[in-house]
Amino acid sequence: DWVRVYLPEGVVKKYPVESLTLSAQSISLSVGETEIIDFEFTPSLCWNKTIVWASSNTNVAEVYGGKVYAIGAGTATITATTHNGIVETCTVTVT
């Protein structure tokens, strides 16, 4: 015995996130500047594109939805984590 399952016509199968790529591994900003870190998922049809963003030092840089805000001089690491634990980082230097 066996069963064959088909998706309804027009339905696209989606996959879990396999990797996350950030547009930059390091950025330099002056206090008060902002920059957006773009990102790309593999495969592009992954089903959950949630990213949790964090800064290692919010006195230097804060991040919301991939947009980095330069707060004070120093260095911080911006971390992007997918729902299934894939982590990528970007170093931010603020002068």
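Up top is the structure.
In what follows, the accompanying structure is described. Keep in mind it's a predicted model, so treat the numbers as computed, not measured. (Residues numbered from 1 in each chain as written. Predicted model: local features only at pLDDT ≥ 70, side-chain atom pairs only at ≥ 80, totals over all residues. Heavy atoms only, no water.)

Quick look at the overall build of the chain now. Scanning the chain for helices and strands turns up zero helices and nine strands. The helix and strand sequence of the chain, counted from the amino end, reads β-β-β-β-β-β-β-β-β. Against the 2.2 N^0.38 benchmark of 12 Å for 95 residues, the chain shows a C-alpha radius of gyration of 18 Å, more extended than a compact globule. For the C-alpha atoms alone, the extent of the chain along its principal axes is close to 65 × 20 × 15 Å. A burial count over the chain gives 29% of its 95 residues as buried. Pairs at least 24 apart in sequence give 54% of the contacts found in the chain among residues at least 6 apart. One way to put it: in the chain the 5 positive side-chain charges average out to a point 11 Å from where the 9 negative ones average out. (Helix = DSSP H or I, 4+ residues; strand = E, 2+ residues; numbered from the N terminus. Rg over C-alpha atoms; globule rule 2.2 N^0.38 Å. Buried < 20%, exposed > 50% of the residue type's maximum accessible area, 1.4 Å probe, protein only. Contact = heavy atoms within 4.5 Å. Lys, Arg positive; Asp, Glu negative; His and termini not counted. Charge placed at Lys NZ, Arg CZ, Asp CG, Glu CD.)

So, about the environment of E40. Positionally, E40 belongs in strand β4 (residues 39-42). Along the primary structure E40 and T82 are separated by 42 residues, whereas in three dimensions their C-alpha atoms are 11 Å apart. In this structure E40 touches S19, L20 and T21, once residues within four positions along its chain are discounted.

This part covers the side chain of S55. Structurally, S55 is set in strand β5 (residues 51-55). A distance of 3.2 Å separates a polar side-chain atom of S55 from the backbone nitrogen of N57. Only 2.5 Å separates the side chain of S55 from the backbone oxygen of A61, close enough to count as a polar contact. For S55, the contacting residues outside a window of four places in its chain are A61, E62, V63, A76, T77 and I78. (Polar contact = N/O pair within 3.5 Å; in protein donor to acceptor, adjacent residues only side chain to side chain.)

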